[in-house]
Amino acid sequence: MRTPPVKKKLFWPILWAIALHVLLFALLFVSYSHTPDLPPSRPIVKATLYQLESQNKATSQSAQKITGEAEKTAAKQFDHEQLEQKKRQEQEAAAKRKAEQERQAAAKKAADDKKKAEDQKHAAEQKAAEQRKLEQQKAEAAKKIAADKAKAEKAEAQRKKAAEEKKKAEEAAKQKALAEQKKKEAEQAAKLAAEKAREAARKAKEDKEAAALAELLKQETQYQRAMADKQAEQDIANINDLIIQLVSSHWIRPAGARNGMQVEVRVDILPDGTIKHAAVSKSSGNPAFDNSALAAILSVGRVREIQSLDRAVYEKTYRQLTMAFRPEDLGL
């Protein structure tokens, strides 16, 4: 503990002692000035002097006692003030330490939160990149499967067509052989008949051959037409499936898409399969959903298989095509 300075410690006791002495002397002076004149009396003077001496001694003792008490009080007061000041300093130091600890804890928490957010962002970006790569691989695999399927179906159609043509040729040869046999029989029968009968038979034979040839040509034309229509329908079905697969692989459905929505898009396609133009013909009411459908169609760019179609089939089916998009599927 710090000891108070001596001057400050003795100032108030000395001041009190001086004040008491001045007060006592003033009282003595007033008392002496009001005392009546009496004949000298030596014993009385001695008593008075003794009494004054006794009073001065008591006054001095009282002043010393008051001075000591004042010093003790001042010391206690100073010690109390020093203790209060020390408490305040300790409280301020504790508050500063607590504030610093809280600041450091907040800074550490902010750094941890920032690192956690950065880690989450990095993980999300990595997951998105992996998802995009997986979707691209799926799209490429689907495209290859579709191409292999179209190639296999085309080869199968050609094989069937060749088999049908071979069967038809064999049937024609058989019919021709049968006709030749009948012709020979007719010729033999005609030789036995009279000239008139031979003439009539020849005419009948010619009529019959003409009718048979006309019927054969008619059947051939109908067959070829039916085969061409069947092949065209098959080609259209294959190309429709291919278009749906291509558009689906490029279609990114927006987050706001929900079941029940439908947008119809009119698509203009050139003879070589290039997508020339696409426009919404019937909106779903959701611009984001409509724009996603347009973007998916335009991303396809070209459907090369269309250029292998007959011109009439292209004009009828693919010059202008309408596609319907729904969140769960799309169709032609």
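Residues numbered from 1 in each chain as written. Predicted model: local features only at pLDDT ≥ 70, side-chain atom pairs only at ≥ 80, totals over all residues. Heavy atoms only, no water.

Student: When you look at the overall build of the protein in this model, what are you seeing that I'm missing?
Tutor: Tallying secondary structure elements over the protein gives five helices and four strands in all. Among the 332 residues that make up the protein, the fraction classed as buried is 15%. Sequence-distant contacts, at least 24 apart, represent 73% of the contacts inside the protein between residues at least 6 apart. Carbon and sulfur atoms make up 57% of the accessible area of the protein, which totals about 26000 Å². (Helix = DSSP H or I, 4+ residues; strand = E, 2+ residues; numbered from the N terminus. Buried < 20%, exposed > 50% of the residue type's maximum accessible area, 1.4 Å probe, protein only. Contact = heavy atoms within 4.5 Å. Areas by Shrake-Rupley, 256 points an atom, 1.4 Å probe, with all protein chains shown as cover.)

Student: Looking at this model, I keep getting lost on a negative patch on the surface. Mind explaining?
Tutor: A contiguous patch of negative charge, built from Glu180, Glu206, Asp207 and Glu209, is present on the exposed surface. A per-element tally of the negative patch places helix α3 (residues 195–250) first, with three residues. (Patch = residues over 30% accessible without salt bridge, like charges linked within 9 Å, V, L, I, M, F, W, Y side chains within 5 Å. Salt bridge = Lys/Arg side-chain N within 4 Å of Asp/Glu carboxyl O. Lys, Arg positive; Asp, Glu negative; His and termini not counted. Charge placed at Lys NZ, Arg CZ, Asp CG, Glu CD.)

Student: Teacher, can you tell me more about the pattern of salt bridges here?
Tutor: If the charged atoms of two oppositely charged side chains come close together, the side chains can form a pair. Taken as a whole and judged by the stated rule, the model has 10 salt bridges. For Arg103, the salt bridge is made with Glu100, and the minimal N-O distance between the two is 2.5 Å. Placement of the pair is Arg103 and Glu100 together in helix α2 (residues 42–192), with a separation of three residues, close to one helical turn. Relative accessible area serves as the criterion here: at 47%, Arg103 is assigned to the partly exposed category. Accessibility expressed as a relative area gives 32% for Glu100, which makes it partly exposed.

Student: Help me understand the side chain of Asp290 in this model?
Tutor: Within the secondary structure, Asp290 sits in helix α4 (residues 287–300). Salt bridges are absent for the buried Asp290, whose nearest opposite-charge side chain, Arg258, sits at 10 Å. In this structure the side chain of Asp290 is engaged in a polar contact, spanning 2.7 Å, whose partner is the side chain of Ser284. (Polar contact = N/O pair within 3.5 Å; in protein donor to acceptor, adjacent residues only side chain to side chain.)

Student: Sorry if this is basic, but what is going on with the confidence of the model for the protein here?
Tutor: Any segment with low pLDDT has predicted coordinates that should not be analysed in fine detail. Per-residue confidence for the protein gives a mean pLDDT of 83; residues scoring 70 or more make up 81%. Predicted confidence for residues 43–52 stays below pLDDT 50, and this span has one contact to residues more than four positions away or in other chains. (pLDDT = per-residue confidence, 0-100.)

Student: Please explain the packing of aromatic side chains as it appears in this structure.
Tutor: Working definition: an aromatic ring pair is given by the centre-to-centre distance plus the angle between the planes. All chains considered together, the criterion is met by two aromatic pairs. With a centroid separation of 5.9 Å and an interplanar angle of 65°, the aromatic rings of Trp251 and Phe289 are classed as edge-to-face. With Trp251 in the loop between α3 and β1 (263–269) and Phe289 in helix α4, the pair connects residues that are 38 residues apart, well separated along the chain. By relative accessible area, which is 5% here, Trp251 ends up buried. Taking 5.0 Å as the distance between ring centres and 85° as the angle between the ring planes, the aromatic pair formed by Trp251 and Phe325 counts as edge-to-face. Here Trp251 is found in the loop between α3 and β1, whereas its partner Phe325 is found in strand β3 (residues 320–326), with 74 residues between them in sequence. (Phe/Tyr/Trp six-rings, centres within 6.5 Å; stacked < 30°, edge-to-face > 60°.)

Student: How do you make sense of the nonpolar core when you look at a structure like this?
Tutor: Generally speaking, nonpolar side chains in soluble globular proteins are found buried as a group. If you look at the biggest cluster of nonpolar residues, it comprises 31 residues, and the most contacted ones within it are Val265, Ile297, Tyr318 and Phe325. At the level of elements, α3, β1, β2 (275–282), α4, α5 (311–317) and β3 are the ones that each hand at least two residues to this core. In terms of residues, this core owes the most to one element, α3, which gives seven residues. The contact partners of Tyr318, leaving out residues within four places of it in the chain, are Ile236, Ile239, Asn240, Ile243, Ile269, Ile306, Leu309 and Val313. (Core = buried A, V, L, I, M, F, W, Y, C linked by side-chain atoms within 4.5 Å.)

Student: Before we go on, may I ask you to explain the pairing of β2 in this structure?
Tutor: Side-chain positions along a regular strand alternate between the two faces of the sheet. Bridge analysis of β1 against β2 gives six bridges, and the strand direction is antiparallel. Paired with Asp268 across the two strands is His277, which belongs to β2. (Pairing = 2+ DSSP bridges.)

Student: Looking at this structure, I do not really get a nonpolar patch on the surface. What am I missing?
Tutor: Judged by side-chain polarity, Leu10, Ile14, Ile18 and Val22 come together as a nonpolar surface patch covering roughly 340 Å² of accessible area. A relative accessible area of 31% places Leu10 in the partly exposed class.

Student: Explain the environment of Lys149 here, please?
Tutor: One can find Lys149 in helix α2. Overall, the relative accessible area of 47% leaves Lys149 in the partly exposed class. For Lys149 and Asn238, which are 89 residues apart along the polypeptide, the C-alpha to C-alpha distance reads 9.0 Å.

Student: Quick question: what am I supposed to make of α4 here?
Tutor: Residues separated by three or four positions in an α-helix point in the same direction, a consequence of the helix having 3.6 residues per turn. The terminal C-alpha atoms of α4, which comprises 14 residues, lie 21 Å apart, in line with the 20 Å expected from a rise of 1.5 Å per residue. Those residues of α4 not exposed but buried are Phe289, Asp290, Ser292, Ala293, Leu294, Ala296, Ile297 and Val300. A positive phi of about 80° marks Gly301, the residue just after α4. (Expected span 1.5 Å × (residues − 1).)

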